[in-house]
Amino acid sequence: MAILSILKYPDARLGTKAKPVTEFNDELKQLVADMAETMYKAPGVGLAATQVDRHIRLVVIDVTEEKNDLKVLINPEIISSSEEKKTWEEGCLSLPGIYDKVDRPSEVVVKAVDLEGKEFTLACDGLLAVCVQHEIDHLEGHVFIDHLSRLKQDRICKKIKKMRLAEKKNQEG
Ligand code: K1U
Ligand code: ZN
């Protein structure tokens with residue numbers, strides 16, 4: 001297994017729309033294992049293939065504290081969403097240090113296939129519902145700050161530029 005490098009916003013590759021998975025082979029199994037290891041190590045509760053520069057419709061999620069319920073969603077599609085919305089403070093491994101509140105449907109049902117290509121549905125609420133929607137956004141080439149006002153996005157971009165500059169200065173010593 002391997003720890004993969006995670007693309008950081010504003011990397012243009014995060015804006016790529018992912019293509020459906022068509023081959024269910026050992027290479028796909030290896031990518032899932034590497035993505036899971038990368039997510040657990042980060043640490044995070046989800047990771048989309050887009051974030052590791054693989055533009056296929058694959059996400060891994062584990063919202064348990066024990067880190068013992070890995071969900072692998074291939075070609076995921078939200079087939080129903082609740083009218084009711086919930087506000088959640090989101091973070092993103094591609095935007096380290098940035099957190100903000102996003103409104104999303106509080107419950108969703110997602111259809112996906114597993115590593116064998118077998119279809120399943122998953123009813124999601126709480127953090128799982130937030131995470132599924134956040135990860136599917138990545139597959140569409142979106143990040144969570146796209147849901148925020150232009151003013152908030154501008155402030156976040158300025159903050160990221162400052163953080164990167166400080167990192168660069170630190171590295172230079
Ligand atoms: O897609 C990602 O970048 C992963 C992201 C998923 C997510 C978290 C919270 C709300 C929506 C989506 C993360 O995992 S960020 C890290 C994080 O929130 C976390 C890390 C460890 C334990 C619990 C949460
Ligand atoms: Zn993210």
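Heads up: the structure comes first, above all this text.
Residues numbered from 1 in each chain as written. Chains lettered and ligands numbered in written order. Predicted model: local features only at pLDDT ≥ 70, side-chain atom pairs only at ≥ 80, totals over all residues. Heavy atoms only, no water.

Draft legend 1. How the structure looks around helix α1 (residues 26-41). Taking 1.5 Å per residue as the helical rise, α1 with its 16 residues ought to reach 22 Å, and the 22 Å between its terminal C-alpha atoms agrees with that figure. Of all the positions in α1, only L28, L31, V32, D34, M35, A36, T38 and M39 are classed as buried. Where α1 is buried, its residues meet β1 (46-48), β2 (58-61) and β3 (71-81). (Helix = DSSP H or I, 4+ residues; strand = E, 2+ residues; numbered from the N terminus. Expected span 1.5 Å × (residues − 1). Buried < 20%, exposed > 50% of the residue type's maximum accessible area, 1.4 Å probe, protein only. Contact = heavy atoms within 4.5 Å.)

Draft legend 2. Spotlight on the environment of I61. Looking at the secondary structure, you find I61 in strand β2. Residue classification places I61 among the buried residues on the basis of a relative accessible area of 1%. Put simply, I61 and V45 are 16 residues apart on the chain and 5.6 Å apart in space, counted from C-alpha to C-alpha. Among residues more than four places away in sequence, those in contact with I61 are M39, V45, G46, D69, L70, K71, L128, C131, V132 and E135.

Draft legend 3. Spatial organisation of empty space enclosed by the protein. According to the stated counting rule, one finds 1 cavity of 30 Å³ or more in the structure shown. Here the largest cavity defines a volume of roughly 30 Å³. Lining the largest cavity are K86, W88, R104, P105, S106, G126, V130 and Q133. Among the elements of the structure, β4 (85-90), β5 (100-105) and α2 (126-139) are those that each provide at least two residues to the lining of the largest cavity. In terms of residue count, α2 provides more of the lining of the largest cavity than any other element does, 3 residues in total. Looking at the lining of the largest cavity residue by residue, the class counts come to 3 nonpolar, 3 polar and 2 charged. (1 Å grid on protein atoms, 1.4 Å probe; cavity = no way out; pocket = protein on both sides within 12 Å on 5 of 7 lines; lining within 4 Å. Points joined across faces, edges and corners; volume = space filled by probe spheres on them. Nonpolar A, V, L, I, M, F, W, Y, C, P; charged D, E, K, R; others polar.)

Draft legend 4. Broad picture of the sheet that holds β2. Pairing is antiparallel in the open sheet, where 5 strands are placed in the order β1-β2-β3-β6-β7. A strand with exactly one partner marks an edge of an open sheet, and here the two such strands are β1 and β7 (119-124). On average, each strand axis in the sheet is inclined to that of its neighbour by 40°, with strand direction left out of account. Of the strand pairs in this sheet, strand β6 (residues 108-113) and β7 are connected by 6 bridges, and their pairing is antiparallel. Along β7, the bridge assignment pairs V110 with L122. Where α1 meets the sheet, its contacts fall on β1, β2 and β3, and the angle it forms with β2 comes to roughly 40°. Each of β1, β2, β3, β6 and β7 touches α2; the most contacted strand, β2, lies at about 155° to it. (Pairing = 2+ DSSP bridges. Axes fitted to C-alpha atoms, helices over the stretch in contact; angles between N-to-C directions.)

Draft legend 5. Structural detail: the site of ligand 1. What surrounds ligand 1 is a group of 13 residues, the closest being V45, G46, Q51, L93 and E135. Contact distances for ligand 1 include 2.7 Å between an oxygen atom and a backbone N or O atom of V45. Within the backbone of L93, one N or O atom sits 2.7 Å away from an oxygen atom of ligand 1. Of all the cavities here, the one that holds ligand 1 is the largest pocket. Counting residues per element, the shell around ligand 1 draws most heavily on α2, which supplies 4 residues. Residue composition of the shell around ligand 1, grouped by class: 5 nonpolar, 6 polar and 2 charged. (Near = heavy atom within 4 Å. Polar contact = N/O pair within 3.5 Å; in protein donor to acceptor, adjacent residues only side chain to side chain. Sits in = over half its atoms within 2 Å of the grid points.)

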